[in-house]
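# Structural characterization, general
Chain by chain, the residues:
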Amino acid sequence: MATTETKETIPLWLAVAITVVVSLPFGLYLDKYNLPLWVAFIVWAEYFALGAKPEALRLMLPSYALAAVLTGITMVAVAVLAPSLPKNAALALCLFIGVGAMVYIMRYSKTLQAGSLPYFNGISMLLGVYFTGAYPTTAFTTDPNLLPLVATLWTILGGVLGAALGWFNVTITFPRPVSRSSSPQASTPVKV
């Protein structure tokens, strides 16, 4: 009985190195519009964690983007409430309610359950991008109530780049099918 496996034309180690170099312009040469490559690399790893197949994108992208959007909305609430509450109270209150609600709604969505890794990464990546200021803070707005939305956009763009890098990384290995026999006699050399 023969089984079909795939073999890489370009080894994975080389494909990863090529993909890293291909990603550099997005983080180095776009001036204030640079994307945070650490976000892209984390989402790239998600692609591999979820099977390294294009079908993973249907799970990753909606889960990740929804989490980033909901966390961004939560951070808008923080910005709106912060002036009227004691230091960091708005942050603690809004994140407690926002993240609690985000985890609670997972029970109603098979996509979010299966995509829990990108969903939780969407939360953490938005917070990381927002708190490190890894987004263009003056290119679109200087309104502190709207800056979380710019961070949300940058988090999602970084995630889309990461998903594309994951797909690209696997694609450039040029996998090809090879047939292997599972019969022990087929792999034993014949003596003449």
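Conventions used here
Residues numbered from 1 in each chain as written. Predicted model: local features only at pLDDT ≥ 70, side-chain atom pairs only at ≥ 80, totals over all residues. Heavy atoms only, no water. Core = buried A, V, L, I, M, F, W, Y, C linked by side-chain atoms within 4.5 Å. Buried < 20%, exposed > 50% of the residue type's maximum accessible area, 1.4 Å probe, protein only. Helix = DSSP H or I, 4+ residues; strand = E, 2+ residues; numbered from the N terminus. Axes fitted to C-alpha atoms, helices over the stretch in contact; angles between N-to-C directions. Parallel < 35°, antiparallel > 145°, perpendicular 65-115°, else oblique. Left-handed = near helix turned anticlockwise from the far one by under 90°. Contact = heavy atoms within 4.5 Å. Nonpolar A, V, L, I, M, F, W, Y, C, P; charged D, E, K, R; others polar. Phe/Tyr/Trp six-rings, centres within 6.5 Å; stacked < 30°, edge-to-face > 60°.

### Observations concerning the nonpolar core
Of all hydrophobic cores here, the largest spans 34 residues; its most connected members are Met-60, Met-75, Tyr-119, Val-129, Tyr-135, Ala-151 and Leu-161. Breaking this core down by element, the ones donating at least two residues are helix 2 (37-49), helix 3 (55-81), helix 4 (89-105), helix 6 (116-132) and helix 7 (147-171).

### Thoughts on the packing of helix 3 against helix 4
One can describe the packing of helix 3 onto helix 4 by two numbers: an axis separation of 9 Å at closest approach and a directional angle of 155 degrees. Compared by their axis directions, helix 3 and helix 4 come out roughly antiparallel. For the pair helix 3 and helix 4, the crossing hand works out as right-handed. On the side of helix 3, the interface is formed by Ala-67, Leu-70, Thr-71, Thr-74, Met-75, Ala-77, Val-78 and Leu-81, while helix 4 contributes Ala-90, Leu-91, Cys-94, Leu-95, Gly-98, Met-102 and Ile-105. Grouping the amino acids of the contact of helix 3 with helix 4 by side-chain chemistry returns 12 nonpolar, three polar and no charged.

### Some words on the environment of Thr-137
Secondary-structure assignment places Thr-137 in the loop between helix 6 and helix 7. Exposure remark for Thr-137: the relative accessible area of 35% places this residue in the partly exposed category. It is 34 Å that separates the C-alpha atoms of Thr-137 and Ala-114, two residues lying 23 residues apart in sequence. Leave out the neighbours within four places in its chain, and Thr-137 touches Thr-142 and Leu-147.

### Some thoughts on the packing of helix 2 against helix 6
Where helix 2 meets helix 6, the axes come as close as 10 Å, and the angle between the chain directions of the two elements is 175 degrees. Regarding the angle of helix 2 to helix 6, the classification is roughly antiparallel. Side by side, helix 2 and helix 6 meet where Trp-38, Val-39, Ile-42, Glu-46 and Ala-49 of the first sit next to Leu-117, Pro-118, Asn-121, Met-125, Gly-128, Val-129 and Thr-132 of the second. Considered class by class, the residues forming the contact of helix 2 with helix 6 number eight nonpolar, three polar and one charged.

### Points about the packing of aromatic side chains
In the structure shown here, the tally under the stated rule is nine aromatic pairs. Centroid distance Tyr-130 to Phe-131: 5.4 Å. Interplanar angle 65 degrees. Geometry classified as edge-to-face. Judged by relative accessible area, Tyr-130 falls into the buried class, the value being 19%. Of the aromatic side chains, those joined through ring pairs into one cluster are Tyr-33, Phe-140 and Trp-154.

### So, unusual backbone geometry
Among all residues save glycine, negative phi is the norm, and among peptide bonds the norm is trans. In this structure, Asn-88 takes a positive phi of about 65 degrees despite not being glycine. Mapped onto the elements of the fold, Asn-88 is located in the loop between helix 3 and helix 4. Of note, the phi angle at Phe-174 is positive, near 50 degrees, even though the residue is not glycine. Its location among the elements puts Phe-174 in the loop between helix 7 and strand 2 (176-181).

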